[in-house]
Amino acid sequence: FPYTTLFRSLSVRGEIILRLSDMKRHFPGVMSPRNMAAGASKRFDGQGAEHCTVMFYDVAEHAEIPTCRRRFEWLRELGFATPRAAYGTLSDVIELYKQYGSELRSALDYEIDGLVVYVDSLHAQTLLGDLNRRPRGAVAFKFASPAKVSKVVAIQWDTGPSGRVTPVAIVEAK
């Protein structure tokens, strides 16, 4: 295969996550692994980023790779962490979505808010193009957000570095 040859540089795309087990071990007071991962990844000193993981899902130069399935396989062969992947018909996708909503999602060591479904053929994805910088060959099926009733006990005004003033709600801890 032409894409298994040596290369000098490679551009890959992924998402920075904080595994729930790492959050519990290294950041015991943190409530949101997504917020912690986002904050740690933006720090200039890198503090906390060593406990984050990157889940890779794309290769920028993938003209020789024909399918999403092969792209994920190749990323794993190169040693990159990738999210779980499954392949099938529309009925299979709907059944998997139901399984994730009822049991599989809670068994993961990281949070997800939905499943992304891709057209497997990368050529077909290219032909479908983008709409508003979103690929038409991929659709996100989101889960219902968890909700809790909270009581706002105060509003504080926070002034950011640019001088923008933002209200911050202080909620009662439960």
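The model shown is predicted, which means the values in this text are computed figures rather than measured ones.

Colleague: Quick one: what's the story with the overall build of the protein chain, residue by residue and with numbers?
Modeller: Regarding its fold elements, the protein chain presents 5 helices and 8 strands. In sequence order, the secondary structure elements of the protein chain are arranged as β-α-α-β-α-α-β-α-β-β-β-β-β. Over its C-alpha atoms the protein chain spans a radius of gyration of 20 Å, topping by over 25% the 16 Å that the globule rule assigns to 174 residues. With the principal axes as the frame, the protein chain shows a C-alpha extent of 60 × 40 × 35 Å. Out of the 174 residues belonging to the protein chain, those deemed buried represent 21%. Expressed as a percentage of contacts within the protein chain between residues at least 6 apart in sequence, the contacts between residues at least 24 apart total 54%.

Colleague: Can you explain the environment of V119? Please cite residues and give values.
Modeller: You can see V119 is positioned in the loop between strand 3 (114-118) and helix 5 (122-128). According to the relative accessible area criterion, V119 is partly exposed, its value standing at 30%. The sequence separation of V119 and V139 amounts to 20 residues, and the corresponding C-alpha distance is 8.9 Å. Residue contacts for V119: discarding those within four places in its chain leaves C68, A124, Q125, L128 and G137.

Colleague: Can you explain helix 4 (residues 90-107)? Please cite residues and give values.
Modeller: For an α-helix, 3.6 residues make a turn, and residues three or four places apart therefore share a direction. Over its 18 residues, helix 4 extends 24 Å from the first C-alpha to the last, a length consistent with the 26 Å expected when each residue adds 1.5 Å. Roughly 65 degrees is the biggest bend found in helix 4, and it falls at Y100.

Colleague: Provide a residue-level description of the pattern of salt bridges, including the pertinent values.
Modeller: Tallied over the entire structure, the rule returns 8 salt bridges. Note that R43 is salt-bridged to D45, the shortest N-O span being 2.8 Å. Residue classification places R43 among the partly exposed positions, given a relative accessible area of 39%. Overlapping salt bridges bring together R13, D58 and R71 as one network.

Colleague: Explain the packing of aromatic side chains to me, and be specific about the residues and the numbers.
Modeller: One pass over the full model with this rule turns up 3 aromatic pairs. A connected cluster of aromatic rings, assembled from ring pairs, spans Y97, F141 and F143. Above the plane of the ring of Y87 lies R69, whose end atom (NZ or CZ) is 4.0 Å from the centre. The lysine or arginine in question, R71, covers the ring of Y118, its NZ or CZ lying 5.9 Å from the ring centre.

Colleague: How would you summarise the nonpolar core if you had to cite specific residues and measurements?
Modeller: One recurring pattern in soluble globular proteins: nonpolar side chains tend to sit buried together. Membership of the largest hydrophobic core is limited to 8 residues, which are I17, M55, Y100, L108, Y110, I112, L115 and F143. Once you skip the residues sitting within four places of it in the chain, L108 turns out to touch L20, R84 and Y100. Listed in part, the 7 residues of the second largest apolar core include I65, C68, W74 and L75.

Colleague: Tell me about helix 3 (residues 68-77), and name the residues and values.
Modeller: Of all the residues in helix 3, the buried ones are C68, R70, R71, F72, W74 and L75. If you follow the buried residues of helix 3, they end up packed against strand 1 (12-17), strand 2 (53-59), strand 3 and helix 5. One or two residues past the end of helix 3 sits G79, with phi positive at roughly 95 degrees.

Criteria and cut-off values
Residues numbered from 1 in each chain as written. Predicted model: local features only at pLDDT ≥ 70, side-chain atom pairs only at ≥ 80, totals over all residues. Heavy atoms only, no water. Helix = DSSP H or I, 4+ residues; strand = E, 2+ residues; numbered from the N terminus. Rg over C-alpha atoms; globule rule 2.2 N^0.38 Å. Buried < 20%, exposed > 50% of the residue type's maximum accessible area, 1.4 Å probe, protein only. Contact = heavy atoms within 4.5 Å. Expected span 1.5 Å × (residues − 1). Bend = angle between axes of the 7 residues up to and from the residue. Salt bridge = Lys/Arg side-chain N within 4 Å of Asp/Glu carboxyl O. Phe/Tyr/Trp six-rings, centres within 6.5 Å; stacked < 30°, edge-to-face > 60°. Lys NZ or Arg CZ within 6 Å of the ring centre and 35° of its normal. Core = buried A, V, L, I, M, F, W, Y, C linked by side-chain atoms within 4.5 Å.

It is worth stressing that arrangement in space is one thing and function is another; only the former is reported here.
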